Amino acid sequence: MIPGSLLHNLKVTPLDAGWYFSGIVENIAEGVDNLKVGDAVHGHLQYSSKTKQGTLTDYITVPASECAKIPEGINMDVAAAVTTEALTAIQAMRDKGGLSKGKSILIIAAGGVVGTQTQAVQIAKVLKAGSVHAVCSTKDASNATKLGADLVIDRTKKAITKALDAASYDVIFDTTGKYAMKKGGTFVSTIPNITDYPPFSWIVGIATGKHSKSLMVKCNRQDLELVGEWMKAGMTVPIDSVYDIKDIDDARERQESGKKSGRVVIKVADGW
Ligand SMILES: NC(=O)c1ccc[n+]([C@@H]2O[C@H](COP(=O)([O-])OP(=O)(O)OC[C@H]3O[C@@H](n4cnc5c(N)ncnc54)[C@H](OP(=O)(O)O)[C@@H]3O)[C@@H](O)[C@H]2O)c1
């Protein structure tokens, strides 16, 4: 419910930007026994106004419970890029949506970054969903199919509202905030809405049978480790481009160009 710009403005000045990270452990607090100096770790800073540091810097300090070792064979660019969106997809579908073996799911905006070129589709398959239907535009359709979607609805050719009308899904995961489930099931969005929170959610649930939820992703070691396991088993994370921090203007331009396919990664290690 707090726009990103406000979160940024609440940070200390001068502004420290950046949320995702991968890096090498340089120092460690007493009592931390799951990590050692020299380990490669990744994660994302918590999306909270309490977060006063940014990751586009040489050093950050994070709780050991909010980062995880990067599995062998996964490079630092991919490890940084995978964090927020994979965790968002897991926490939305599994924790908020209750997606589990055999259940059906519709993923709206499967070609987006949270969909991470349909990463949500891959995660829904790993969670053993019974059927995974994906909504995206023509440009992302073949990728969604390749990554395991049982049915791809091309939103440029077919109205999605028909699928919502049918209400034949246990879970609908929408990252656009533009849709709502018509009846039954659980609807999860990454865009918070007042009716997702008690007491409004209870009233809507009783009156319509619809269960609408939204989430704010939380970085935690367990989910990062799960993602690491899935990446070792072949889950893909597309990287569009990698920039040095000194070329940050070019990185921003690429990020906002509308042409990127996958994540734009910025390397801080070689300095400004
Ligand atoms: N709450 C959280 O914890 C959390 C975490 C991560 C992200 N988010 C939020 O989630 C949202 C999505 O993030 P993102 O990074 O995935 O965005 P993104 O990469 O810009 O993707 C947006 C996607 O939405 C699709 N889309 C746009 N209009 C649509 C419509 N009317 N119907 C169906 N699909 C439509 C686009 O597909 P087309 O190519 O078809 O236009 C695109 O694939 C953002 O607002 C972000 O801030 C929240």
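As shown above, the structure is provided for reference.
The following paragraphs examine the structure supplied in this document.

The rules we used
- Residues numbered from 1 in each chain as written.
- Predicted model: local features only at pLDDT ≥ 70, side-chain atom pairs only at ≥ 80, totals over all residues.
- Heavy atoms only, no water.
- Axes fitted to C-alpha atoms, helices over the stretch in contact; angles between N-to-C directions.
- Helix = DSSP H or I, 4+ residues; strand = E, 2+ residues; numbered from the N terminus.
- Parallel < 35°, antiparallel > 145°, perpendicular 65-115°, else oblique.
- Left-handed = near helix turned anticlockwise from the far one by under 90°.
- Contact = heavy atoms within 4.5 Å.
- Nonpolar A, V, L, I, M, F, W, Y, C, P; charged D, E, K, R; others polar.
- Pairing = 2+ DSSP bridges.
- Buried < 20%, exposed > 50% of the residue type's maximum accessible area, 1.4 Å probe, protein only.
- Polar contact = N/O pair within 3.5 Å; in protein donor to acceptor, adjacent residues only side chain to side chain.

### Digging into the packing of helix α3 (residues 83-96) against helix α4 (residues 119-126)
Packed helix pairs are characterised by how far apart their axes lie and by the angle those axes make with each other. Here α3 crosses α4 at 50°, and the two axes come no closer than 9 Å. When the interaxial angle is binned, α3 and α4 end up oblique. Crossing of α3 against α4: the hand is right-handed. Across from E85, A86, A89, I90 and M93 in α3, the residues of α4 making contact are Q119, A120, I123 and A124. Class assignment of the residues belonging to the contact of α3 with α4 gives a composition of seven nonpolar, one polar and one charged.

### What about the sheet that holds strand β3 (residues 68-69)?
One open sheet accounts for three strands, arranged β1-β2-β3; its pairing is antiparallel. With partners counted over all chains shown, the strands left at the sheet margins are β1 (20-24) and β3, one partner each. In the sheet, strand β2 (residues 40-44) pairs with β3 via two bridges, with the strands oriented antiparallel. Residue pairing in the sheet places H42 in a bridge with A68 of β3. Running at roughly 60° to β2, α3 makes contact with β1 and β2 of the sheet.

### Considering the environment of R263
With respect to the helices, strands and loops of the structure, R263 is situated in strand β11 (residues 263-267). Given a relative accessible area of 9%, R263 falls into the buried group. Separated by 186 residues in the primary sequence, R263 and D77 place their C-alpha atoms 9.3 Å from one another. A polar side-chain atom of R263 sits 2.7 Å from a polar atom in the side chain of E85.

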